[in-house]
Structure formats: structure tokens, C-alpha cells
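Understanding the architecture of this molecule
The lines below spell out each chain.
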Amino acid sequence: MYRFLLTPRWWGLNVFLALSVPFCLVMGSWQLSRFEDRVDTQRRYDRLAEQGVREDAEPLAALLPVTKETSGRMAEAEGRYDPGHEFLVPDRSLGDDRGSYVLTMLRTADGSALPVVRGWLPGTPDPAEVPPAPTGEVRVTGALQASEHGGATGLPAGQLGTISAAALVNLVPYDVKDVWITVQDARAPLKPVPPAAAKGSGLDMKAFQNLGYTAEWFVFAGFVVFMWFRFFRREVEVARDAELGLIPESPPNPPNPRDPGERPASRGAAERSAVPGPPA
């Protein structure tokens with residue numbers, strides 16, 4: 001009954017089933033792992049935001065260049081704050097409130113500067129009312145962040161729309177590191193700015209696309225198995241009916257009037273055959 005499985009047609013269906021189902025499962029598992037990685041990354045950032053400084057800081061140089069894995073890690077750098085190059089980064093939210101970041105350049109031993117967000121203040125505060133940065137040689141610890149892109153332009157002097165080396169290179173007289181850190185132990189009235197998830201990580205729209213692709217690949221695998229069993233069941237029913245003699249035999253083919261072996265007689269011959277012969 002199952003000899004049909006050895007036909008070329010079913011060999012092709014079986015090979016397709018054996019290859020497509022594992023492929024769909026592997027692709028679905030891969031998409032699921034990408035979603036889980038984003039969930040883990042988001043949890044790490046949420047934990048940093050809730051607990052503040054709870055992990056040992058590493059030297060800044062050991063975490064560069066900043067990647068998805070090093071973004072949000074606690075970094076430390078030594079240097080002197082440059083109070084002459086301090087900026088407000090307006091239109092930044094902290095919870096449900098809008099305010100401004102306070103960014104001060106930290107001059108390091110190699111002569112370059114590290115942008116440091118010392119904290120957040122509500123609204124757009126008067127620069128004269130911003131708490132001054134510590135003086136002298138300091139060791140600053142904060143969450144490492146990658147440079148931003150885009151942002152507001154045409155802001156007044158003393159304000160910055162984007163935290164990046166490209167935005168600061170024309171505003172300060174020294175080289176700027178293409179990263180920044182946000183201090184997690186900000187002093188009042190400054191409030192600490194929690195680290196943001198790196199681009200391409202965390203629970204953004206792309207993460208939920210990965211989850212949707214996961215469901216699609218698993219559905220594809222189930223659909224292939226369902227169709228194979230449907231074809232298999234149909235073939236079994238046909239084979240069983242044939243063994244029981246329930247499939248009627250096809251009627252013989254009717255004669256073909258155009259078959260040259262059965263060419264009809266000509267009209268003249270037909271008329272001669274119809275004329276009676278002489279009497280005996």
C-alpha cells in the first residue's frame with residue numbers, strides 16, 4: 001500500500017520535507033535568540049537605571065571602541081573639567097519630565113577631552129544657575145554611551161543638540177573622544193541620566209520584528225508538515241480504494257472517425273453498392 005512512497009514524485013516530496021522543516025526551525029530559533037538578546041540588553045539597561053552604580057568601573061580605554069556589548073558599561077576616566085566649555089543639551093526627558101542635560105568637557109592626560117553628562121535639570125535652566133563642576137584632578141565614573149546622530153540644529157550659544165564629536169569639534173579647541181559618559185552619582189540638584197540602549201539593541205520595533213519572524217518560520221514548518229500528511233493521506237486512500245476495486249475502470253476509447261485505418265468508402269463506391277445487380 002505504501003509503495004507509492006518510492007516513486008520519484010514522493011522522493012522529491014520527502015526530500016523537500018526533510019530539508020525545509022529543519023531549515024525553518026533553525027531560522028525561527030535564530031530569530032528568537034536575537035529577540036532574547038535584545039530582552040537581556042534591555043533588562044541590563046533597566047537594571048542600571050534603577051540601581052545606579054552597582055558594577056565595577058573599567059578604564060575607558062579598555063571599553064573602546066564602543067559597541068553594543070560595551071555600551072552602558074561603567075567606565076572611568078581621570079582629568080580636569082573645563083568649566084569654560086560647558087553646554088546644555090535641551091529637550092531631553094527624564095521620566096515624564098522635559099529638561100536639559102548638563103554636559104562638561106573633561107580634559108584627559110592625552111590632551112583630548114571626554115564629554116561628560118553630569119546630570120539633568122528641568123526645563124532650560126540659566127547657565128549661571130547650573131551647579132559648577134568639581135575643580136582640580138578628578139576621577140569620573142559613568143555609563144559609556146555611543147555618539148548620537150541627528151538632533152536639533154541652530155541652537156543658541158551654550159546649547160548643544162547632539163552629543164557627538166562631530167557636533168563638538170567646532171566648539172572646543174581640542175580633540176574630542178567620539179564617546180560620552182553619563183554620571184550615575186550626580187550631585188543635587190542634578191539628577192542622574194540613565195544610560196540609553198545602544199542603537200540596534202533593546203526592545204525597539206526591530207526587536208518585535210524578530211519576534212514576528214520567529215512565529216512566521218515556525219508556522220512555515222508546521223504548514224509543510226501539514227501539507228505532507230495531507231498528500232500522504234490522500235495517496236493512502238487512493239491505494240486502499242484500488243486494492244478494494246472501488247476505482248472504476250476507464251471505458252475503452254471510442255473509434256476515431258479520422259483514423260486512416262477506418263477511412264469511410266467514397267460516395268461513388270457507396271452508390272454503386274446500392275445499385276442492384278442484373279437478375280440471375
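Note that the coordinates shown come from a computational prediction; the quantities given were computed from them, not determined experimentally. (Residues numbered from 1 in each chain as written. Predicted model: local features only at pLDDT ≥ 70, side-chain atom pairs only at ≥ 80, totals over all residues. Heavy atoms only, no water.)

Concerning the overall build of the protein
What the protein contains, in helices and strands, is four helices and six strands. For the protein, the N- to C-terminal ordering of α and β elements is α-β-β-β-β-β-α-β-α-α. Here the protein holds 280 residues, and 34% of them are scored as buried. Long-range contacts, defined here as pairs at least 24 residues apart, represent 69% of the contacts in the protein between residues at least 6 apart. With an accessible surface of roughly 18,000 Å², the protein has 58% of that area assigned to carbon and sulfur atoms. (Helix = DSSP H or I, 4+ residues; strand = E, 2+ residues; numbered from the N terminus. Buried < 20%, exposed > 50% of the residue type's maximum accessible area, 1.4 Å probe, protein only. Contact = heavy atoms within 4.5 Å. Areas by Shrake-Rupley, 256 points an atom, 1.4 Å probe, with all protein chains shown as cover.)

Overview of unusual backbone geometry
Of the consecutive residues L64 and P65, the connecting peptide bond is found in the cis state with omega at -5 degrees. Among the secondary structure elements, P65 is positioned in the loop between β1 (58-59) and β2 (74-94). Here the amide bond leading from A188 into P189 is cis, since omega sits at 5 degrees, within 30 degrees of zero. Residue position: P189 is located in the loop between β6 (179-183) and α3 (205-243).

Description of the side chain of S164
Tracing the backbone shows S164 in the loop between β5 (137-146) and α2 (165-168). When its relative accessible area of 8% is taken as the criterion, S164 is described as buried. Those residues within four positions of S164 in sequence are excluded, and the remaining contacts are S147 and E148.

Some points on the pattern of salt bridges
Using the criterion set out here, one finds nine salt bridges in the structure. For R92, the salt bridge is made with E148, and the minimal N-O distance between the two is 2.8 Å. Placement of R92 in strand β2 and of E148 in the loop between β5 and α2 is noted, with a sequence separation of 56 residues between them. (Salt bridge = Lys/Arg side-chain N within 4 Å of Asp/Glu carboxyl O.)

Overview of the nonpolar core
Of all hydrophobic cores here, the largest spans 18 residues; its most connected members are F87, Y101, L103, M105, V117 and I163. Among the secondary structure elements, those contributing two or more residues to this core are β2, β3 (97-107), β4 (113-122) and α2. Ignoring anything within four residues of it in the chain, the contact list for M105 reads R80, Y81, D82, H85, F87, A113, L114, P115, L168, V172, Y174 and V176. One finds L63, A77, L114 and V140 within the second-largest nonpolar core, a separate group that totals 15 residues. (Core = buried A, V, L, I, M, F, W, Y, C linked by side-chain atoms within 4.5 Å.)

Focus on the confidence of the model for the protein
Averaged over every residue, the pLDDT of the protein is 83; residues scoring 70 or more account for 80%. Mean pLDDT in the protein bottoms out at helix α4 (residues 267-274), which sits at 52, and peaks at β4, which reaches 96. (pLDDT = per-residue confidence, 0-100.)

Overview of α3
The end-to-end C-alpha separation of α3 is 57 Å, in line with the 57 Å expected for 39 residues at 1.5 Å each. All buried positions along α3 are accounted for by A207, N210, T214, A221, V224, M227, W228, F232, V236 and A239. Positive phi shows up at G245, right after α3, with a value of about 75 degrees. (Expected span 1.5 Å × (residues − 1).)

Regarding the layout of surface pockets
Empty space within the second largest pocket amounts to approximately 300 Å³. Lining of the second largest pocket is provided by 15 residues; of these, Y81, P134, V183, D185 and R187 occupy positions nearest its centre. Broken down by element, the lining of the second largest pocket gets its largest block of residues, four residues, from β5. Grouping the amino acids of the lining of the second largest pocket by side-chain chemistry returns 10 nonpolar, one polar and four charged. (1 Å grid on protein atoms, 1.4 Å probe; cavity = no way out; pocket = protein on both sides within 12 Å on 5 of 7 lines; lining within 4 Å. Points joined across faces, edges and corners; volume = space filled by probe spheres on them. Nonpolar A, V, L, I, M, F, W, Y, C, P; charged D, E, K, R; others polar.)

What about the pairing of β2?
Across two bridges, the pairing between β1 and β2 is parallel. Paired with P59 across the two strands is E76, which belongs to β2. Two strands pair when backbone bridges link them, and β2 and β5 are joined in this way by seven bridges, in the antiparallel orientation. Across the sheet, A75 pairs through a bridge with G142, a residue of β5. Two elements, β2 and β3, share 10 bridges in a ladder whose sense is antiparallel. Within the sheet, the bridge partner assigned to R92 lies in β3 and is G99. If you look at the hairpin formed by β2 and β3, you'll find two residues sitting between the two strands, and G95 has a positive phi there, around 70 degrees. (Pairing = 2+ DSSP bridges.)

Regarding the environment of G99
By the secondary structure assignment, G99 is in strand β3. Sequence separation between G99 and G123 is 24 residues, and the spatial gap between their C-alpha atoms is 4.0 Å. Dropping the residues within four chain positions of it, G99 is found in contact with V89, P90, D91, R92, W120, L121, P122 and G123.

Focus: a nonpolar patch on the surface
A cluster of nonpolar residues, L6, W11, V15 and L19, forms a patch on the protein surface that exposes about 460 Å² of accessible area. Residue position: W11 is located in helix α1 (residues 8-51). (Patch = residues over 30% accessible without salt bridge, like charges linked within 9 Å, V, L, I, M, F, W, Y side chains within 5 Å.)

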